[in-house]
Amino acid sequence: SSSSVDTCLTWHEAEVQGSQREGGGGPGMRSGCLLWAGGDDSVFVFGGARPKKTKKGRCTGEEGLVILEDLWRAQLAAPLSTTSSSSSGRPGVRWEKLEAQGQGPGARSGLCQCAVSS
């Protein structure tokens, strides 16, 4: 059977712009979060879970998880210029931690979503 897709999709590692202190480093390691496209070259990440860190390392099992309720936006950019010595020519991404207005859904993990046309 032939495919109607004429384009070849290729993965590219993005170059994160901005420092961790500015929130540019992104939301950090997590699982069970929501990730969705914003339609304007941005994606959003909400919630999820990450391992608890202790003085002895990481905990295991459900007691070893921190359930998150943070909201992040990643603005995707065209490949960075290769003329600068620090640029790699890879696509760029700048993370921003968002402060939601009003009462949110609270901390949660193991999320799923669906799209409904209007």
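How each quantity is defined
Residues numbered from 1 in each chain as written. Predicted model: local features only at pLDDT ≥ 70, side-chain atom pairs only at ≥ 80, totals over all residues. Heavy atoms only, no water. Helix = DSSP H or I, 4+ residues; strand = E, 2+ residues; numbered from the N terminus. Buried < 20%, exposed > 50% of the residue type's maximum accessible area, 1.4 Å probe, protein only. Contact = heavy atoms within 4.5 Å. Disulfide = S-S within 2.5 Å. Salt bridge = Lys/Arg side-chain N within 4 Å of Asp/Glu carboxyl O. Phe/Tyr/Trp six-rings, centres within 6.5 Å; stacked < 30°, edge-to-face > 60°.

K.L.:
Just to check I follow, could you spell out the overall build of the chain for this structure?
P.N.:
Per the secondary structure count, the chain includes zero helices and seven strands. Along the chain direction, N to C, the helices and strands of the chain fall in the order β-β-β-β-β-β-β. Per-residue burial over the chain gives 21% buried out of 118 residues. Put simply, of all contacts in the chain between residues at least 6 apart along the chain, 52% involve residues at least 24 apart.

K.L.:
Would you mind going over the state of the cysteines with me for this structure?
P.N.:
Structurally, a disulfide amounts to a covalent bond that connects the sulfur atoms of two cysteines. The tally for this structure, following the rule as stated, stands at zero disulfides. Cysteine Cys112 is unpaired, with the sulfur of Cys114 as its nearest cysteine sulfur at 7.7 Å.

K.L.:
Quick question: what am I supposed to make of the pattern of salt bridges here?
P.N.:
When the charged atoms of two side chains with opposite charge come close together, those side chains can pair. If you walk through the whole model with that rule in mind, you get two salt bridges. For the salt bridge of Arg73 with Glu96, the shortest nitrogen-to-oxygen distance reads 3.3 Å. Within this pair, whereas Arg73 is found in strand β6 (residues 65-79), its partner Glu96 is found in strand β7 (residues 91-98), the two being separated by 23 residues in sequence. Of the residues examined, Arg73 reaches a relative accessible area of 23% and is grouped as partly exposed.

K.L.:
Got a minute to help me understand unusual backbone geometry in this structure?
P.N.:
Backbone phi values are negative for most residues with the exception of glycine, while trans is the configuration of most peptide bonds. Within the chain, Asp41 stands out as a residue other than glycine whose phi angle is a positive 60 degrees. Within the fold, Asp41 resides in the loop between β2 (34-37) and β3 (42-51). Classification of Asp41 by relative accessible area gives exposed; the value is 56%.

K.L.:
Looking at this model, I keep getting lost on the packing of aromatic side chains. Mind explaining?
P.N.:
Two measures describe an aromatic ring pair: the distance that separates the ring centres and the angle between the ring planes. Under the definition given, this model contains two aromatic pairs. For the pair Trp36 and Phe44, a centre-to-centre distance of 5.5 Å together with 15 degrees between the ring planes defines the contact as stacked. With a relative accessible area of 31%, Trp36 lands in the partly exposed category. Geometrically, the ring pair formed by Trp72 and Trp95 is edge-to-face, given 6.4 Å between the ring centres and 80 degrees between the ring planes. In this pair, Trp72 is assigned in strand β6 and Trp95 in strand β7, connecting sequence segments 23 residues apart. Judged by relative accessible area, which is 7%, Trp72 ranks as buried.

K.L.:
Can you help me understand the environment of Ala74 in this one?
P.N.:
Within the element layout of this structure, Ala74 appears in strand β6. Assessed through its relative accessible area of 1%, Ala74 is described here as buried. Residues Ala74 and Ser42 lie 32 residues apart in sequence; the distance between their C-alpha atoms is 5.4 Å. With sequence-adjacent residues up to four places away left out, Ala74 is seen in contact with Asp41, Ser42, Val43, Val93, Arg94 and Trp95.

Function cannot be inferred from these measures alone, as they are strictly geometric.
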